[in-house]
Amino acid sequence: MKRRNFVRIAGGGIVMTATVSTLGLAGCSSVMPPEAIEAWRGPAADVALGPDLRRWLLSYAILAPHSHNLQSWIADLSRPDEIVLRCDLQRLLPQTDPLSRQIMMSHGTLLELLDLAARERGLRADITLFPEGTFGPDKLDTRPVARIQLRPDATVHKDPLFAQILRRHTNRNAYDLQRAVPSAAWQAMAAAVQPHALRFGQVGVEESTALVTHRRIALEAWRIELTTSRTIMESFDVLRVGSAEVVAHRDGLSLLDPMAVALARLGLLDRSKAPAPDAYATTSQVKDFAQKLDSTPGFLWIVTEGNDRVTQVNAGRAYARVQLAATAHDVAMHPLSQALQEYPEQDKPYAEIHALTSAARPGQTVQMWARVGYAPPVEPAPRRPMQDFIRS
Ligand SMILES: Cc1cc2nc3c(=O)[nH]c(=O)nc-3n(C[C@H](O)[C@H](O)[C@H](O)COP(=O)(O)O)c2cc1C
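Below, the structure is looked at part by part. (Residues numbered from 1 in each chain as written. Predicted model: local features only at pLDDT ≥ 70, side-chain atom pairs only at ≥ 80, totals over all residues.)

## Examining helix 11 (residues 309-328)
The condition is simple: The helix and strand labels rest on DSSP assignments: H or I over at least four residues marks a helix, E over at least two residues marks a strand, and numbering proceeds from the N terminus. One fewer than the residue count of a helix, multiplied by 1.5 Å, yields its expected span. Working definition of burial: number of other C-beta atoms within 10 Å of the residue's own, with buried at 20 or more, exposed at 12 or fewer, and partly exposed in between, all C-beta atoms being placed from the backbone.
Here helix 11 is 20 residues long and its end C-alpha atoms lie 29 Å apart, about the 28 Å a rise of 1.5 Å per residue gives. Judged by how many residues are buried, helix 11 sits mostly within the fold: 18 of 20 residues are covered. At the C-terminal side of helix 11, Asp330 shows a positive phi close to 60 degrees.

Here it is as structure tokens:
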């Protein structure tokens, strides 16, 4: 029986039933390599004390959430007191994010953390979005996303959200269904979007019918993503299995499960093709995701009027603030982007989540949808060395 599972996995995907001991590979465990997550210790001493504060600011900014942890940020420091933020066009997600909306949000998250860090050091960050003109609706190009001019300003206020930057992590664990998100935490999340003109919505345990609908849409969208070969392959392409791959890339999605690592070492983890819809690798992931959704006591969403590039960046800024505000209350968060994605297979869940969140008018866009609750803590996600982001 175990042998049969093992072979099926070898032709399939990333979730498996056989145990490590079945394979005699108990020694093949894998842990997060410390160098992959060194950024989470805060700025290195030489950066903290160095003359160029921009590196200190960036050491916090690169801890921003980014879709698929692609870290598609380039910071041009060639002009003094200025950072020009560009998008690394080699780090896009053309299948799951065909319009690069999430990539733009992921630049907004970085800008927000940069702004919080600047305030902390008594600097005003004057951020000009798309200083050479905005990207069109379909494609990005080499023009900058933002120019950030930094000036000392005694009137800027520190923001308490700064203190949460090193504590914030995306948490994909099962949540505690018995522990509702308290109204104080919801209020803090709602208040956190304030600087931006967008709508924050949420649902908690008291609305059990709505919760069921949120879970159903999220699960269906996840099943679609898993069973559409080009979209699941996009995730496989950035899947880093085991500490050696994690440390070599320091980006993407980390898989450190000892069993997966053992199979990969044996050359039995096939990432070259998508598992079939009825393969165990697919059905077990759907089941696992359903359990996580069923454990979830709350969902939130961020809706914008319009969906131009500036709006997308600002939605990312708002999301970063919401997650930091949740972190201050020890509330965990896990974005659910599948139903928001603009590829045709998602049309139905896309329409359903827009209707459910009263965002069905033309132009209204659900920019972020996330599950929210209490969960065991997770390890930080890798970040590339700061030097990788800098051009000077
Ligand atoms: C715009 C955007 C969309 C995201 N969508 C998802 C998602 O659908 N599923 C998920 O597990 N994480 C999602 N994330 C979270 C990223 O995967 C996460 O930020 C990244 O892996 C880095 O981990 P960290 O947030 O713990 O630093 C999203 C993040 C952003 C900014």
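## Points about the sheet that holds strand 2 (residues 82-87)
Threshold: Note on pairing: two strands pair once DSSP finds at least 2 bridges between them. Think of it this way: build a C-beta for each residue from its backbone, and any pair within 7 Å is a contact. Fitted lines through C-alpha atoms give the axes, limited to the stretch in contact for helices. The angle between two N-to-C directions lies from 0 to 180 degrees.
Here five strands make up an open sheet; going across it, the order is 3-4-2-1-11 and the pairing mixed. Only two strands of the sheet have a single partner each, and these edge strands are strand 3 (123-129) and strand 11 (390-391). For strand 1 (residues 73-76) and strand 11, the ladder comprises two bridges, and the chain directions are parallel. Residue pairing in the sheet places Ala75 in a bridge with Ile390 of strand 11. Strands strand 1, strand 2, strand 3 and strand 4 (146-152) of the sheet are contacted by helix 4 (residues 101-120), whose axis makes an angle of about 160 degrees with strand 3.

## Considering the environment of Ser358
For Ser358, the location among the structural elements is in the loop between helix 12 (347-356) and strand 10 (364-373). C-alpha of Ser358 to C-alpha of Gly201: the two residues are 157 residues apart in sequence and 9.6 Å apart in space.

## Description of the environment of Ser78
One can find Ser78 in the loop between strand 1 and strand 2. Overall, the presence of 10 C-beta atoms within 10 Å leaves Ser78 in the exposed class. The spacing of Ser78 and Arg391 is 313 residues in sequence and 7.1 Å in space, taken between C-alpha atoms. Once residues within four sequence positions are removed from consideration, Ser78 is found in contact with Arg391 and Ser392.

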